[in-house]
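Fold and contact review
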Amino acid sequence: MKDTTVWEPLRVRGNKRLPREGMERILIRGVNWIGDAVMTLPAVAAIRKTWPQANISLLAKPWVADIYRETGMVDELIVFEEPGRHAGPAGKLLLAAELRQRCFAMAILLQNAIEAVIIARLAGIPIRAGYNTDARSWLLTHAVRRSRAIRRVHQISYYLEMVKALGCLDPGDELQLDLQAETASLADSLLPEPAGGNALFIGMAPGATYGPAKRWPVERFTSVATALHRQYRESVFILFGSEQDREVTDVIAAAIPDRLLNLAGRTSVREVMALIARCHVFLTNDSGLMHIAGALNVPTVAIFGSTNPATTSPPGRRNVIIRKPVDCSPCLKTVCPTDFRCMNLIGGEEVTAAINRIITAQHVSGLSVPVGEAAGAGGKDASLIVLPPGEGTSEA
């Protein structure tokens, strides 16, 4: 994804750049959420390109470690076991001691929290670089000023421009997550073999971690699922999410009599990636799974309400965003304080139509309609935002 927003180059305190020589061991502190982890991958690629011979380790929480591991761009994944043995002050001291034994020359902190630099400092890492957020500038040797402009760009650019300001090379390539063969094969044992031909796999992620304001009503998801179930006899629905999303996915599953896998809370991140990669289309709220689907270049229909697609739209080149341009959106609130109009105005029929156009464009139904042409019929309310190859968001 190419962010076309124009902003001034980020400034580093003292105009310092990270040294190219002598960086034999580098630590990257990863972010804590799945969607954010996907959006940091170009920054990780930039670090690898800048120090191709270095031994690069990445510190990450368990639920995002597999995202970073799948890329093959780092030499070691260090799991931040919290909850677990790294929880609490004593756990942080233990983690710092473990990192100290690895004798890192430099730590690049993608996470914004002060905790990241405190751990790096306690680990005796002499060079510590990152954004000057969370009152941590004094602990950073290379502090990047987080400008107002950079907070308004897409999160992919937010992370990438930070490491570029520190002197990292531009990775060049568009964000794409290519699964390792072992991971891709995990889907084989989880998916049914439909009788009479190839299945049409339709993925749905009706949950969202941040709060209910990001969730399109489950009744609308159900109406889309039932309409597509009637229309496509070879369809197989896969419901994704965490254990906390099970209440929502159970409602959808109850409405579909067959050809459905309700896997919310039942799969690992690697299994989720393998299954999403097999989907012909993926319907989702603004969530971490949305970013995985986009990075896998799976055709994705993403529903936005309280959040801003200009900063968190999915990566990839085959996406359609559906949103209503109401005055109060994006509010970025966890719970809607008014009438939830940003989501309630999005009807099941228009979402079903968007999915049908994507399916048709893939020749799954034996027809042929270009995705860009079909999805561009957004109507007067401009509820569809089509993301063509290599471009940012634009109102259709």
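Some details on the environment of Leu-93
Position of Leu-93 among the secondary structure elements: in helix α4 (residues 88-100). For Leu-93, a relative accessible area of 51% corresponds to the exposed category. Expressed as a C-alpha distance, the spacing of Leu-93 and Ile-118, which sit 25 residues apart in the sequence, is 9.9 Å.

Quick notes on the pairing of strand β10 (residues 281-285)
For a regular strand, side chains alternate in direction, first toward one face of the sheet and then toward the other. Counting buried positions along β10 gives five out of five residues, so the element sits mostly inside the fold. Here β10 shows two buried faces, one formed by Val-281, Leu-283 and Asn-285 and the other by Phe-282 and Thr-284. Where strand β7 (residues 200-205) and β10 come together, four bridges link them in parallel fashion. The residue of β10 that forms the bridge with Ala-205 is Thr-284. Both β10 and strand β11 (residues 300-303) contribute to a ladder of four bridges, which runs parallel. In the sheet register, Phe-282 faces β11, and the bridge partner there is Thr-300. The parallel pair β10 and β11, bridged by helix α11 (residues 288-295), forms a crossover whose chirality is right-handed.

Brief notes about the pairing of β7
A large share of β7 lies buried, amounting to six of its six residues. In the classification by handedness, the crossover that spans β7, the intervening helix α8 (residues 218-231) and the parallel strand β8 (residues 235-239) is right-handed.

Details of the sheet that holds strand β6 (residues 142-144)
Taken together, the six strands give an open sheet; going across it, the order is β3-β2-β1-β4-β5-β6, and neighbouring strands pair in parallel fashion. Each edge of the sheet is formed by a strand with only one pairing partner; in this case those strands are β3 (76-79) and β6. Taken over all neighbouring pairs, the strand axes of this sheet differ in orientation by 15° on average, direction set aside. Pairing of strand β5 (residues 127-131) with β6 involves three bridges; the strand directions are parallel. What sits directly across from Tyr-131, in β6, is Val-144. Contacting β2 (55-60) and β3, helix α3 (residues 62-71) runs over the sheet at an angle of about 150° to β2. In this fold helix α6 (residues 155-165) packs onto β4 (106-109), β5 and β6, with an angle of close to 140° to the strand it touches most, β5.

Here's the deal with the packing of aromatic side chains
Tallying each qualifying case throughout the model produces four aromatic pairs. Seen in terms of ring centroids, Trp-216 and Phe-221 are 5.2 Å apart; in terms of plane orientation they differ by 65°. Their pairing is edge-to-face. When its relative accessible area of 1% is taken as the criterion, Trp-216 is described as buried. Grouping aromatic residues by their ring pairs yields a cluster made of Tyr-131, Tyr-158 and Tyr-159. One residue, Lys-61, lies across the ring of Phe-80, its end atom 5.0 Å from the ring centre.

Some details on helix α9 (residues 246-255)
In an α-helix there are 3.6 residues to a turn, and that puts residues three or four apart on one side. Among all positions of α9, only Arg-246, Thr-249, Ile-252 and Ala-253 are buried. Buried residues of α9 fall within an arc of 120° about the axis and therefore sit on the same side. Residues of α9 that are exposed and point over 90 degrees away from its buried face: Glu-247 and Ala-254. Buried residues along α9 sit in contact with α8, β8 and β9 (260-262).

Structural notes on the side chain of Arg-323
Summarising the element assignment, Arg-323 is placed in the loop between β12 (319-322) and α13 (341-344). Only 3.4 Å separates the side chain of Arg-323 from the side chain of Ser-329, close enough to count as a polar contact.

The rules behind these values
Residues numbered from 1 in each chain as written. Predicted model: local features only at pLDDT ≥ 70, side-chain atom pairs only at ≥ 80, totals over all residues. Heavy atoms only, no water. Helix = DSSP H or I, 4+ residues; strand = E, 2+ residues; numbered from the N terminus. Buried < 20%, exposed > 50% of the residue type's maximum accessible area, 1.4 Å probe, protein only. Pairing = 2+ DSSP bridges. Right-handed = clockwise from strand over helix to strand, strands pointing away. Axes fitted to C-alpha atoms, helices over the stretch in contact; angles between N-to-C directions. Contact = heavy atoms within 4.5 Å. Phe/Tyr/Trp six-rings, centres within 6.5 Å; stacked < 30°, edge-to-face > 60°. Lys NZ or Arg CZ within 6 Å of the ring centre and 35° of its normal. Arc of directions from axis to C-beta. Polar contact = N/O pair within 3.5 Å; in protein donor to acceptor, adjacent residues only side chain to side chain.

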